[in-house]
Amino acid sequence: MNKNQLLQELGQILPSDVILHQKEDLTPYECDGLSAFRELPLAVTLPETIDQVTAILTLCNRLDVPVVARGAGTGLSGGALPHKDGVLLSLAKFKQILKIDPQRQTAVVQPGVRNLAISEAAKPYGLYYAPDPSSQIACTIGGNVAENSGGVHCLKYGLTVHNIQQIKVVTIDGELLTIGGSGLDSAGFDLLALLTGSEGMLAVIVEVTVKLLPIPERAQVILAAFDDVAKAGEAVGNIISAGIIPAGLEMMDKLAIRAAEEFVHAGYPTDAEAILLCEIDGTNAEVSEHILKIREILNQSGATEVRTAKDEAERLMFWKGRKAAFPAVGCIAPDYYCMDGTIPRKQLPHVLKTISELSAEYKLQVANVFHAGDGNLHPLILYDANNPGELERTEEFGGKILDLCVKAGGSITGEHGVGVEKINHMCVQFNSEELTQFHAIKSAFDAKGLLNPGKAVPTLHRCAEFGAMHVHKGKLPFPELERF
Amino acid sequence: MTTQDSSLDLQAHVKNAIKNNTALCIQGGNSKSFYGRTPIGQTLKINDHSGIINYEPTELVITARAGTPLKEIEYALLENNQILPFEPPHYGNNATLGGTVACNLSGPRRAAAGAARDYMLGCKVLNGKGEIISFGGEVMKNVAGYDVSRLMAGALGTLGVLLEVSLKVLPRPEAEITLTLEHNTEKALAKIIRLAQVNFPISANCYDGDRLFLRLSGTEGAVETSKKPIGGEIIETEHDIWQKIKEQQHGFFMTDQPLWRLSVAADTPPIKLEGKWLYEWNGALRWLVSSASAETIQAAAKKIGGHATRYRGHDQNHIDVFHPLSPALLNLHKKLKHAFDPHGIFNRGRMYPDF
Ligand SMILES: Cc1cc2nc3c(=O)[nH]c(=O)nc-3n(C[C@H](O)[C@H](O)[C@H](O)COP(=O)(O)OP(=O)(O)OC[C@H]3O[C@@H](n4cnc5c(N)ncnc54)[C@H](O)[C@@H]3O)c2cc1C
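What you see is a predicted model; the values in this text were computed from it and never measured.

1. Observations regarding the overall build of chain B
- Per the secondary structure count, chain B includes 10 helices and 17 strands.
- Against the compact-globule benchmark of 20 Å for 355 residues, chain B has a radius of gyration of 21 Å, which places it among compact chains.
- Projected onto its principal axes, the C-alpha coordinates of chain B cover approximately 65 × 50 × 35 Å.
- Excluding contacts between residues fewer than 6 apart, the proportion of contacts in chain B whose partners are at least 24 apart in sequence is 67%.

Structure follows, in structure tokens:
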């Protein structure tokens, strides 16, 4: 690709101050939240209007230039990692909340609006946007749709896909499509579902209409401590068997509890092997009834301590510890690697036990923080990138955890996406016919494969190589070959 | 209760059809043959491929073969105090799980709980190349690969034969009552919208032109304390009102005239089209019995960002039973159809005449 021609033509679409191409200007975009992968794009563009996005995509399509969309860059799987021969399309300037409609209970927002900003804008109307990733202060709604992000309240309120009603997207052909509608469904295929979680591979999202919910009359959280992780896991199943779907049901293990406690002083019991945070919301009466029942179940499940937050301040404090768990773990180790597998809940004790065995084998500590109600694990592997070989060992250990999740009947990713990070493990979860089906879907939208190339779905060739690697028990046969 | 795995037979059948270039009409219980256009081709029956494969109440997941009778699924769930939250209509005795999901039809609880597609966790399908492939799984969260499972919901079998489906299920509400209030249309619609903005445990609502029906579901306390502020009278006799609305056995649906289904924004004021109306889903679903022209009805729906479907009592060979797609979207649909079914074997013409 001729960089000068590209820049010159981009210059006809955008003012020069929103086309970045000097190394120092590109560096802030070299990675997303998964900083182990870095790459500089040819150029970064920061369009402000849908027309500009359309023009950029049309141009890139004509010149065969790859395009990587980027929201806030908080993704944890390298989804927004730039392409070295491509344009990074930042949606950061699409920051307007176009409309809050209390009658319809929807908000129409531009893709660069932060997740939390939607709930803040809806609050005066007594409404909020339910999916709440821990990164919600920073991550964008466009990124949330692209990843089908979840959060602690997804157990009851669903993922992004359950909470959006319409999106506008621009395809690589420069076509602006409205997907979904003002009602609860639309004619034709469910393209809204197909595009949600498509990791910027099918189209660029330029507008999102989200559903808003009434802020619950009351929310209450219970903290339960356990002297055994397996017991905590069983308690989760017992609550659900009793016919209660809590708003959130999170678990943290000892290392995570200690790290979080040190970080925010949430009042967690640091001698516990595991804690559960169980949030109940709804009408006042409903919450009271559920609290009684849940306390009883927790006690019967062998909790060593059951505490109901005494006021709103304590409730927020309990959650603060959980929400800050990642950065907290970041303080007790130079680096950490966050995994995102899901498993059927009943496999929790087995999977946690195997992870701790692997932890001993690899001599790397693991802190577990996770969405227990959904069976979505976030083992955080602690390591020090300055120790030679430790990053590689960490990645290998991480790979073993993903294998374990697939074997237990789960998935390699619950909410963080495949990106570049887990692309090889897609070969473990899907066979070649399934992967070929994914490629066919991709081609229907983007025949030349210009949107976010090399992400999310591996080529069969790559899987063949990865398969060969697996045979050698994780020892790479050709370490000099580029793995990702 | 029959349990049988016929996937290999079905696969052989499809491979044969590919070889001979025969189109296939996928058929479960044939309870929803009125819905959509009349497809071209030989019947491919999937009833024999049936049985619940895995149901674990504590995991909130059920997996069954597509030919499993919907009744059987609902019965198994009820035994464990669980439900299919989207409350699917059966439209007959023989409805199957596969047909239910392929049509993505949902009942009264839809506005409160979501549609069939919202509860799709995974599926096994036979694509138009004769391959058996699986997507999603039995876990609540899974973002590996594109969401093919949800795409299958509502695709009316045009993208492949559903073989197995995994659905998320939920506990059955502890208590349930139905309230009724008399209102004119404007007042009834305004009332539903107002109620939806507050935290009432309303699991269904319907306005039939005279009366507004509201169903409250939840804990005993939640239902009890919400009754008074909402007002109206508790229905003691018409217990099956929701069943009747769901299965379209309510008097409103007893007509020879064409029935339309309009999906619009909930707060849309009464639409000025001649005919009789019945409202569900907070006003977002509107049934219209009318002999007005299709152009008039579809234009009215489109103007407010919604869409209109010829539901019953129409010529099923008509060009557009479903709302016409924009040229760009139609083009994308054709490409996706090709991606799953390159030879155009499945349910040709069931959704749109073009594929
Ligand atoms: C501390 C921390 C905690 C987190 N907690 C959670 C959590 O609880 N739950 C969860 O689900 N995730 C979590 N994440 C991951 C991340 O925040 C989410 O994936 C988020 O949705 C990414 O949004 P973003 O705007 O940063 O997107 P980016 O990282 O910029 O992009 C993510 C992907 O989306 C694509 N994309 C972005 N915008 C668009 C667009 N407009 N059109 C098309 N494609 C687009 C990109 O190409 C990329 O593939 C966490 C991350 C961090 C750092």
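Picking up where we left off.
2. Brief notes about unusual backbone geometry
All names here are of chain B.
- With a phi close to 50°, W281 is a non-glycine residue in the positive phi region.
- Among the structural elements, W281 can be located in the loop between strand 15 (276-280) and strand 16 (285-289).
- Judged by its relative accessible area of 4%, W281 falls in the buried class.
- Even without being a glycine, N282 presents a positive backbone phi close to 60°.
- Mapped onto the secondary structure, N282 falls in the loop between strand 15 and strand 16.

3. Some words on the state of the cysteines
Residues and elements named next belong to chain A.
- Going through the model one piece at a time under the given rule, you end up with one disulfide over all chains.
- The disulfide that involves C427 links it to C463, with 2.0 Å between the sulfurs. Disulfide C427 to C463: torsion about the S-S bond roughly -80°, handedness left-handed. Taken together, the residues C427 in helix 15 (residues 426-429) and C463 in helix 17 (residues 460-471) connect sequence positions 36 residues apart.
- Free cysteine: C154, not disulfide-bonded; nearest cysteine sulfur from C139 at 11 Å.
- The buried category is assigned to C154, whose relative accessible area is 4%.

4. Notes on the side chain of K246(B)
All names here are of chain B.
- Of note, K246 is situated in helix 8 (residues 241-246).
- You can call K246 buried: its relative accessible area is 10%.
- Side-chain polar atoms of K246 contact the side chain of E247, separated by 3.2 Å.
- Apart from residues no more than four positions distant in its own chain, K246 is found in contact with E87, P88, P89, H90, Y91 and P108.

5. Details of the sheet that holds strand 10 (residues 204-211) of chain A
Residue and element names in this part refer to chain A.
- Strand order in the open sheet formed by five strands is 5-6-10-8-9, and the pairing between neighbours is antiparallel. Among the strands making up the open sheet, the edge pair consists of strand 5 (97-101) and strand 9 (176-180). Strand after strand, the sheet turns through a mean of 15° between neighbouring axes, direction not considered.
- Across five bridges, the pairing between strand 8 (residues 164-170) and strand 9 is antiparallel. Counted as the bridge partner of V170 is L176 from strand 9.
- Running over the sheet, helix 4 (residues 115-122) touches strand 5, strand 6 (106-109) and strand 10 and is turned about 45° from strand 5.

6. Quick look at the side chain of S7(B)
All names here are of chain B.
- Note on placement: S7 falls in helix 1 (residues 7-20).
- Judged by relative accessible area, S7 falls into the buried class, the value being 10%.
- Apart from residues no more than four positions distant in its own chain, S7 is found in contact with H49, I132 and L163.

7. Some remarks on the packing of aromatic side chains
Residue and element names in this part refer to chain B.
- Under the defined criterion, the tally for this structure stands at 22 aromatic pairs over all chains.
- Here the aromatic rings of F34 and Y91 are separated by 5.3 Å at their centres, their planes lie at 75°, and the arrangement is edge-to-face. Taken together, the residues F34 in the loop between strand 1 (24-27) and strand 2 (42-45) and Y91 in the loop between strand 5 (82-83) and helix 3 (97-103) connect sequence positions 57 residues apart.
- Judged by relative accessible area, which is 12%, Y91 ranks as buried.
- Note on F252 and F253: the rings are 5.0 Å apart at their centroids and 85° apart in plane angle, and the pair reads as edge-to-face. Side by side, F252 and F253 carry an identical accessibility label, which is buried.

8. Some words on the interface of chain A and chain B
- Counting residues at the interface gives 82 residues for chain A and 72 residues for chain B.
- Across the chain A/chain B interface, buried area totals approximately 6200 Å², and carbon plus sulfur atoms make up 58% of it.
- The largest contributions to the chain A side of the interface with chain B come from L184(A), F189(A) and Q437(A), which together make up 13% of the buried area.
- Where chain A packs against chain B, one counts seven salt bridges.
- One salt bridge in this structure joins K141(B) and D374(A), with 3.8 Å as the shortest N-O distance.
- Applying the counting rule to chain A against chain B returns 30 residue pairs in polar contact (both at pLDDT 80 or more).
- Elements with a contribution of two residues or more to the side of chain A that touches chain B: strand 9, helix 7 (191-195), helix 8 (229-241), helix 10 (284-300), helix 15 and helix 16 (432-445) of chain A.

9. Observations regarding the packing of helix 13 (residues 348-362) of chain A against helix 14 (residues 390-407) of chain A
Residue and element names in this part refer to chain A.
- For the pair helix 13 and helix 14, interaxial distance at closest approach is 11 Å and the crossing angle is 160°. Between helix 13 and helix 14, the interaxial angle falls into the category roughly antiparallel. Crossing of helix 13 over helix 14 shows right-handed handedness. Packed against helix 13, whose contacting residues are H350, V351, T354, I355, L358, S359 and Y362, the element helix 14 presents R393, E396, F397, K400, I401 and L404 at the interface.
- Across the contact of helix 13 with helix 14, the residue classes break down as seven nonpolar, three polar and three charged.

10. What about the pairing of strand 15 of chain B?
Residues and elements named next belong to chain B.
- Within strand 15, four of the five residues are buried, which leaves the element mostly enclosed by the surrounding structure.
- With two bridges connecting them, strand 11 (residues 202-207) and strand 15 associate as antiparallel partners. Looking at the pairing, C206 lines up with E280 of strand 15.
- Hairpin connection between strand 15 and strand 16: a loop of four residues separates the two successive antiparallel strands, and W281 in this loop has a positive phi of roughly 50°.

11. Some remarks on the confidence of the model for chain A
- Looking at chain A, pLDDT values average 94 and 96% of them are 70 or higher.
- Low pLDDT, under 50, characterises residues 470-484 of chain A; the stretch is placed with 19 contacts to residues that sit more than four places away or in other chains.

12. As for the site of the ligand
All names here are of chain A.
- Lining the immediate surroundings of the ligand are 33 residues, of which A69, G71, T74, S135 and T140 lie closest.
- A distance of 3.1 Å is found between an oxygen atom of the ligand and a backbone nitrogen or oxygen belonging to G79.
- Here the ligand has 980 Å² of accessible area as a free molecule, and 94% of this is covered by the chains.
- Sorting the residues of the shell around the ligand by element identifies strand 3 (67-70), helix 5 (141-147) and strand 10 as the ones contributing at least two each.

13. Section: the pairing of strand 16 of chain B
Residues and elements named next belong to chain B.
- The buried fraction of strand 16 is high, at five of five residues.
- Side chains L285, W287 and V289 of strand 16 all project onto a buried face; the interleaved residues R286 and L288 project onto the opposite face, where all are buried too.
- Both strand 14 (residues 259-263) and strand 16 contribute to a ladder of five bridges, which runs antiparallel. Counted as the bridge partner of L262 is R286 from strand 16.
- As paired strands, strand 15 and strand 16 are joined by five bridges and run antiparallel to one another. Each residue of the ladder has a partner; that of Y279, found in strand 16, is R286.

14. Describing the nonpolar core
- Membership of the largest hydrophobic core comes to 182 residues, with the highest contact counts inside it found for L298(A), F438(A) and L167(B).
- Leave out the neighbours within four places in its chain, and L298(A) touches I222(A), A224(A), F226(A), A235(A), I239(A), L276(A), A303(A) and V306(A).
- Among the nonpolar cores identified, the runner-up in size contains 33 residues, and L7(A), L10(A), L14(A) and V170(A) belong to it.

15. Re the sheet that holds strand 4 (residues 87-90) of chain A
Residue and element names in this part refer to chain A.
- With mixed pairing, the four strands of this open sheet are ordered in space as 1-2-4-3. Edge positions in the open sheet fall to strand 1 (19-20) and strand 3, since each of these has one partner strand only.
- Here strand 2 (residues 43-45) runs beside strand 4; their pairing, made up of three bridges, is parallel. Looking across to strand 4, one finds that T45 is bridged to L89.

Definitions and cut-offs
Residues numbered from 1 in each chain as written. Chains lettered and ligands numbered in written order. Predicted model: local features only at pLDDT ≥ 70, side-chain atom pairs only at ≥ 80, totals over all residues. Heavy atoms only, no water. Helix = DSSP H or I, 4+ residues; strand = E, 2+ residues; numbered from the N terminus. Rg over C-alpha atoms; globule rule 2.2 N^0.38 Å. Contact = heavy atoms within 4.5 Å. Buried < 20%, exposed > 50% of the residue type's maximum accessible area, 1.4 Å probe, protein only. Disulfide = S-S within 2.5 Å. Polar contact = N/O pair within 3.5 Å; in protein donor to acceptor, adjacent residues only side chain to side chain. Pairing = 2+ DSSP bridges. Axes fitted to C-alpha atoms, helices over the stretch in contact; angles between N-to-C directions. Phe/Tyr/Trp six-rings, centres within 6.5 Å; stacked < 30°, edge-to-face > 60°. Buried area = accessible area lost by both parts, 1.4 Å probe. Salt bridge = Lys/Arg side-chain N within 4 Å of Asp/Glu carboxyl O. Parallel < 35°, antiparallel > 145°, perpendicular 65-115°, else oblique. Left-handed = near helix turned anticlockwise from the far one by under 90°. Nonpolar A, V, L, I, M, F, W, Y, C, P; charged D, E, K, R; others polar. pLDDT = per-residue confidence, 0-100. Near = heavy atom within 4 Å. Areas by Shrake-Rupley, 256 points an atom, 1.4 Å probe, with all protein chains shown as cover. Core = buried A, V, L, I, M, F, W, Y, C linked by side-chain atoms within 4.5 Å.

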